Each structure stands twice: as structure tokens, then as C-alpha cells.
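If you want the building blocks of each chain, they are given just below.
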Amino acid sequence: MFEDNRSVVLGALLVAIFLLRKFLDFRRAAASVNNLPGFRTLFSDRFVWFPFRVDGISPGLQSEVNLYRKYKDFEEAGWDIMAGVSAFPSSEVTLYLADPAVIKDVIGARARFPKPMGPYRILLAFGPNLVASEGEEWKRQRKLVAPAFSEKNNRLVWDETVRILYDLFDNVWGEKDTIVIDNITDLTVPITLLVIGVAGFGRRITWNEDAVAPTGHQMTFKDALNVVSRNLFLQILFPRWLLRWGTPTMRRFHTAYHELGQYMQEMIDARRSAEVKEERHDLFSSLLDANEGLAESGEKLTDRGLMGNVFIFMVAGYETSAHTLAYAFILLALYPDEQEKLYQAIKANLSDGRTPTYEEFSSFSYSMAVFNETLRLFPPVITIPKQSAEDTSFTTTNHAGEKRTIPVPKGTYVTVHTPGLHNNPKYWDDPDAFKPARFLGNYPRDAFLPFSGGPRGCIGRGFSETESIAVLTLVIARYRVEVKDEPQFAGETFEQRKARLLKSKLSVTLFPERAPLVFKRR
């Protein structure tokens, strides 16, 4: 009995010592940034097993809740930088930034604030790539990938987007005066998948094709890509054997993952074995040509190395545009006055009903304003993680204009909080409002970061802008978009309707959960 009591006392003492050490480590971590206000939690936002936002447990910065919070956390903290201090598994500090001047310094100094590779493991599903790399490997990847994103490719993107939309208008929607879309992503995802198919990989597909999996495949190309990109987190959480035999969602992801890998290998093999090597400007052809050119220097990538970038082309090339276009159509349906302004601007440029050309891209300034305002309100990624490679400091301000210097010890995680930045009332007038016109004149460019910035800025920005402006311009020129009336929501207020339609989820990028819209011929 005495021995049992000693064991209990010893166990309790060890637990107490452990907790005391954790508490002291936690206090030291908070003191390292001068006890800057913010989150104080058990887990950091990098703890993948608990991605939810629960006070005292996790800040859940990878949760869509933080999109809805916008600038509120910074407002409550009192500064444009706030600190997240976590206790487990080890005490860590993360500084969250909504200060444009500090952010400009961070994203412009790649060596001082490199990417921490942990959060990007999800993008290594098919191998190394430009996005999930740093240092010398990033330089090598960029040397390979950069030539693909050319003016010739942008022109191809515009021309093929126009062709795909006319195919939709003529052969799918036809003579219908009203087209009901039960979820707007059911329209925008296929559009951008067809665009990336041809402008990314030289696979020209019509709306009535690719409905059935080809011989040797269990899934179509677009279904495989969509399933993989929406469920990539499963690859981080579970071993492959469990994905193969687990839940229906796991098994479908496992099948889609192998199907997508097979499609990519087939594309690589087919392009290499093609007898006619005509000049092509799709991303995939440019990537293969650039890779062959690296053979002499010994930097040529293996097929596995190629696949990593091919996968990033596919995910980034369709998800970002598809989801931003979905949000844009929802916002235009919610705000018919803004939609009418866009229509009149388009009509002024296309008064004779002709097909717009790539040379006219810059004249569709209101289409670009709608696109940018949508990105401000719904940035594709809500956090951009960095890590300090040296001891440094940040100086930020509060609402009263007072300054505060914050020490940044080496190893501190530094995260650009995009919703906080895009809704910072010091730089954006009436930030909650949908006002595309704010992008027609001078706007706070350093407070707008939908594609990141600096040396690590999104290399495919021009691709996404070109495609999205073509879609918005052509669709709104022909159709008026409205919210679909549903009996179960008959009594809702405008704010309730807005919240329902814009309710979001986060996978690789942010996307609207469900938004039924109606397109009516003008």
C-alpha cells in the first residue's frame, strides 16, 4: 500500500514538473515578443490534427472562420501585428501581419524570411515543385518553370477561354433563356478545367467530351483532378494503405490520386514520342522544352520532378480562377447595381456585339475591378507563412497611430494574414462593402496581396487574370446572373442570404460551399 502511494506521489510530482516547465517555456515564448497581444493557445495553427478555431485550444488560422473574422482579431489586439503563442508540442511564437509596410519588407526579403516547408508538404503529392521549394532548389525550379508563363501563353489562354465559352453558349446552353446552376462551382470549375486542359497541357476538350473515362482509366481527367485537389489533406493525415482501404472518401481519393498520376505520365510520354515537334505555347510543352534544355548542365529533372510542377500547374491553374469566378458571380448576383455597372462598361467596349480580342484585354478595366474586389474579399489563400532566419524586429502602429517595436527572434514564424490585410480600415474605406470601383483609380497596392508578392509572388498571376477577365466579360455581356429562389429560404433577410451564399470552406484554396444561381439571357 505504501509503495502504491509512493508511485502515485512520484507520478503526480513528475506531471507537475512537466506542466511547470511547459508553463515557464510558454511565458518565455510570450516574453520573447514583449507579450504582444493575440492568441494564447495549447496548439499552433500548424498542428494539422486540430485545424479548428477554439479559444484557448487553437487559433485555427487555416479555418475559414478567420476569413469571416477579417480584421477583427487585430482590432481586438490593438495592433496591426498580433502574436500567437502555443504550448504544445513545444512552445512557439507566430507573428500574424496585417501591416502593409512590414509585409512588404517580409515578402521582399526572401533570404531573411524564407518559407517554412512544413505547411507546403501538402503540395508535394506528386514530387518537388516551384511552390513547395526554397533556397537553391527554388532557384532551379524557377529557372525551369518561368519561361512557360509568357505573353504567347497569355494570348493562348484568352483565345481558348473565348472558344470554350462560345462552345458553352452555343452547344450546351443553346437557345435557353434561363439556365439554372444548382451550385456555381458546377459551372466555374469545368470552365477553368477546360482552359487549363488546352492552355496548360494542349488537351483541347469540348463541353460534350470528357464525360466518360477513356480506356484504361476509372475516372475522367477533370474528375480525378477535382477529387485530388479538394482532398489533398488526406495524404498528410493518413498512410497510403489506410487511404486504399478506408472510408469511401479515402478510397475515392486513393483512386483519383493514381488516376491523376497515370494521366500525367501519359501526357509526358505522348509529348516525348510525338513525331512532329511543332511550336506550342501551352505550359506543359514549354516546361518539357525547358527541361530538355537543361540536359547539358545536369539540371534536367526526372519524370517525378516534372510531375510535381505539372500537378502545381493543374491545381493552381484551375482552382484559383474557378473559385474566384464563383465568388464574383455570387457577389454580382447579390449586388445587381454593381452588375449593371459592369454590364454597361462591357457594352461600351463591345457595342457591336463582336468577339473581344486579347489586344483589348486592358480595356476591360471594370471587369478587372470586379475580379480584384472579389480577390480582396475572398483571397485564394488566407495565410502566407514565412519564418525569420535571423534576429530582427518589426515596427507597427495601432489605430491611434502610436508605434510599437516588436522583437522577432530567429526561428519565429511570421504569417501574412490576408483577410486582415485586405480589410484593414486604415487602408480600405468601408472594407466590408463590395465596391469594385475602388480599383479603378489609385488604391493601396501594398495592402492588396491575393497572389503574394516579391520574388515568391505567384508566377501564374497573368494566366489567372487573363482567363478570369475573359469569362466575366463574355458571360455578363450575354447573361444577367441572379440568386436562385428556393422555398426553404423565402423569409431570409439580405444579410442571411449573403452569409448563406458566401459560406466557405478551405482546401488548397478557399471556395464557396453551395451557391445556386440563375443565368438569364439579356
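Check the entry above for the structure.
Residues numbered from 1 in each chain as written. Predicted model: local features only at pLDDT ≥ 70, side-chain atom pairs only at ≥ 80, totals over all residues. Heavy atoms only, no water.

K.L.:
Just checking my understanding: could you explain the overall build of the protein for this structure?
P.N.:
Across its full length, the protein holds 18 helices and twelve strands. Expected size for 522 residues packed as a compact globule is a radius of gyration near 24 Å; at 25 Å, the protein falls within 12% of this value. Along the three orthogonal principal directions, the C-alpha set of the protein runs to about 90 × 55 × 50 Å. Taking contacts inside the protein between residues at least 6 apart in sequence as the whole, the part at least 24 apart equals 74%. Accessible surface, the protein: about 23,400 Å² in total, of which carbon and sulfur atoms supply 55%. One way to put it: in the protein the 64 positive side-chain charges average out to a point 3 Å from where the 63 negative ones average out. (Helix = DSSP H or I, 4+ residues; strand = E, 2+ residues; numbered from the N terminus. Rg over C-alpha atoms; globule rule 2.2 N^0.38 Å. Contact = heavy atoms within 4.5 Å. Areas by Shrake-Rupley, 256 points an atom, 1.4 Å probe, with all protein chains shown as cover. Lys, Arg positive; Asp, Glu negative; His and termini not counted. Charge placed at Lys NZ, Arg CZ, Asp CG, Glu CD.)

K.L.:
What exactly am I supposed to notice about the environment of S133 here?
P.N.:
Relative to the helices and strands, S133 is located in the loop between α4 (100–108) and α5 (135–145). Placed 321 residues apart in sequence, S133 and G454 show a C-alpha to C-alpha distance of 16 Å. Filtering out sequence-adjacent residues up to four positions away, S133 remains in contact with K115, M117, W138, Q141 and R456. A polar contact of 3.0 Å, which involves the side chain of S133, links it to the backbone oxygen of N129. (Polar contact = N/O pair within 3.5 Å; in protein donor to acceptor, adjacent residues only side chain to side chain.)

K.L.:
Please clarify how helix α8 (residues 221–230) should be interpreted in this entry.
P.N.:
Each full turn of the α-helix corresponds to 3.6 residues, which orients residues three or four apart in the same direction. Residues of α8 that are buried: F221, A224, L225, V227, V228 and S229. Where α8 is buried, its residues meet α7 (185–201), α11 (248–273) and α13 (303–334). With a side-chain oxygen positioned 3.1 Å from the backbone nitrogen of D223, the residue opening α8 is T220. (Buried < 20%, exposed > 50% of the residue type's maximum accessible area, 1.4 Å probe, protein only.)

K.L.:
Looking at this structure, how should I read the pattern of salt bridges?
P.N.:
Pairing is possible between side chains of opposite charge, provided their charged atoms come close. One pass over the full model with this rule turns up 33 salt bridges. A salt bridge links E76 to R69; the nearest nitrogen and oxygen atoms lie 3.1 Å apart. The closest approach of N and O atoms between R438 and E373, which form a salt bridge, is 3.1 Å. One end of the pair, R438, is in the loop between α16 (418–422) and α17 (461–478); the other, E373, is in helix α15 (residues 365–377), and 65 residues separate them in sequence. Each member of the pair, R438 together with E373, is buried. Salt bridges sharing common partners tie together D485, E486, E492, R497, R500 and R514. (Salt bridge = Lys/Arg side-chain N within 4 Å of Asp/Glu carboxyl O.)

K.L.:
Would you explain the sheet that holds strand β12 (residues 517–521) in this entry?
P.N.:
Whether parallel or antiparallel, the strands of a sheet pair through hydrogen bonds between backbone atoms. Within the open sheet, the three strands sit side by side as β4-β12-β9. Their pairing is antiparallel. The sheet terminates laterally at β4 (178–181) and β9 (479–483), the two strands that pair on one side only. Each neighbouring strand pair of the sheet contributes to a mean axis angle of 20°, computed without reference to strand direction. Pairing of β4 with β12, which is carried by four bridges, proceeds in the antiparallel orientation. By the bridge assignment, I179 is partnered in β12 with F519. (Pairing = 2+ DSSP bridges. Axes fitted to C-alpha atoms, helices over the stretch in contact; angles between N-to-C directions.)

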